[in-house]
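Examining the three-dimensional arrangement
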Amino acid sequence: MNITEAVFAGSSTRVSQKPKQRLPEFAFIGRSNVGKSSLINMLCNSRRLAMTSSTPGKTKLVNHFLINNSWYLVDLPGYGYAKMPQKGRDELKAVIRDYILNSEEMVLLFVLIDSRHDIGKIDLDFLADLGENGVPFSIIYTKADKQGPNVLARQIEKDRQILLQQWEELPPMFASSAETGKGKEEILAYIGQTLDSITK
Ligand code: GTP
Ligand code: MG
């Protein structure tokens, strides 16, 4: 899978307002500041397609990007930003939940985890909720450039053991870096395979 064209297709706060052209969607979620928008830019070879910021809580809307005129990448707001007022957090939660549970075109949700930290309760609760609702997901570790390969491998293995207490089987997992481009080929290949499997 090669991304040759990536175009911003619209922002929404409710599924009823998302772009009218119905195409398969691959969405990105995770804690605020985990690197969702940066990863989307990296996959699309673009610096400024999705807005990024070192301050958490940057993305507040559901943003659709039309890829190769045939599918969408979807940038979602992050969860778990403690410094945001409760009202704002509740609203973002409603935006995220509405999209994840009601977007019929969402094929797969990539849940991003910061590879520098242990997987948190907030992530485990979020994943449990996905399981209860039958939402297909895959995990991507972000910011892999921030530590060496051995530390990264140990961290991922540690998390796998934690996740296996909750899950019988684990979905595919990827390690990525928006800085170095690590993970790009693997993630795009996986999206390509998934698209092939649904169009057959
Ligand atoms: P919200 O929209 O606020 O939820 O954040 P987000 O998950 O979209 O994160 P964003 O892409 O805005 O990145 C947050 C910060 O992390 C920015 O300062 C990025 O430059 C930095 N960052 C993101 N990905 C990477 C990465 O792979 N490596 C490094 N070193 N920094 C990264
Ligand atoms: Mg963002």
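Read on for an overview of the structure. (Residues numbered from 1 in each chain as written. Chains lettered and ligands numbered in written order. Predicted model: local features only at pLDDT ≥ 70, side-chain atom pairs only at ≥ 80, totals over all residues. Heavy atoms only, no water.)

Overview of the site of ligand 1
For ligand 1, the set of nearby residues contains 21 residues, the closest of which are Lys 36, Ser 38, Lys 58, Asp 145 and Ala 178. Between ligand 1 and Lys 36, the relevant distance is 2.7 Å, taken from an oxygen atom to a side-chain nitrogen or oxygen of the residue. In the environment of ligand 1, an oxygen atom lies 2.6 Å from a nitrogen or oxygen atom belonging to the side chain of Ser 38. Surface burial for ligand 1 is 88%, taken as the share of its 650 Å² of free accessible area covered by protein chains. Of the residues in the shell around ligand 1, the class split is 3 nonpolar, 12 polar and 6 charged. (Near = heavy atom within 4 Å. Polar contact = N/O pair within 3.5 Å; in protein donor to acceptor, adjacent residues only side chain to side chain. Areas by Shrake-Rupley, 256 points an atom, 1.4 Å probe, with all protein chains shown as cover. Nonpolar A, V, L, I, M, F, W, Y, C, P; charged D, E, K, R; others polar.)

Some thoughts on the coordination of the magnesium ion (ligand 2)
When a metal carries six donors in an octahedron, the ideal angles between them are 90 or 180 degrees, while four donors in a tetrahedron ideally lie at 109.5 degrees. Coordination of the magnesium ion (ligand 2) by the protein comes from Ser 37 (OG) and Thr 59 (OG1), over a distance range of 2.1 to 2.2 Å. Placement of Ser 37 in helix 1 (residues 36-43) and of Thr 59 in the loop between helix 1 and strand 3 (62-67) is noted, with a sequence separation of 22 residues between them. Note on Ser 37: relative accessible area 7%, which makes it buried. A relative accessible area of 11% places Thr 59 in the buried class. (Donors = N, O, S within 2.8 Å, 3.2 Å for Na, K, Ca; no water. Helix = DSSP H or I, 4+ residues; strand = E, 2+ residues; numbered from the N terminus. Buried < 20%, exposed > 50% of the residue type's maximum accessible area, 1.4 Å probe, protein only.)

As for unusual backbone geometry
Positive phi, normally seen in glycine, also occurs at Asn 33, with a value near 80 degrees. Looking at Asn 33, the relative accessible area reads 31%, which means it is partly exposed. For Asn 68, which is not glycine, the phi torsion reads 50 degrees and is therefore positive. As for its position among the elements, Asn 68 is in the loop between strand 3 and strand 4 (71-75). When its relative accessible area of 22% is taken as the criterion, Asn 68 is described as partly exposed.

Notes on the nonpolar core
The tendency in soluble globular proteins is for nonpolar side chains to be buried side by side. Ile 100, Leu 109 and Val 111 are the most contacted members of the largest nonpolar core, which totals 33 residues. Going through the elements one at a time, strand 2 (25-30), strand 3, strand 4, helix 2 (86-102), strand 5 (106-114), helix 3 (121-132), strand 6 (137-142) and helix 4 (149-164) are the ones with two or more residues in this core. Leu 109 has contacts with Ala 27, Phe 28, Ile 29, Leu 76, Ile 100, Phe 126, Leu 130, Val 135, Pro 136, Phe 137 and Ser 138, leaving out every residue within four places of it along the chain. Judged by nonpolar contacts, the second largest core, of 26 residues, contains Phe 26, Val 34, Leu 49 and Trp 71. (Core = buried A, V, L, I, M, F, W, Y, C linked by side-chain atoms within 4.5 Å. Contact = heavy atoms within 4.5 Å.)

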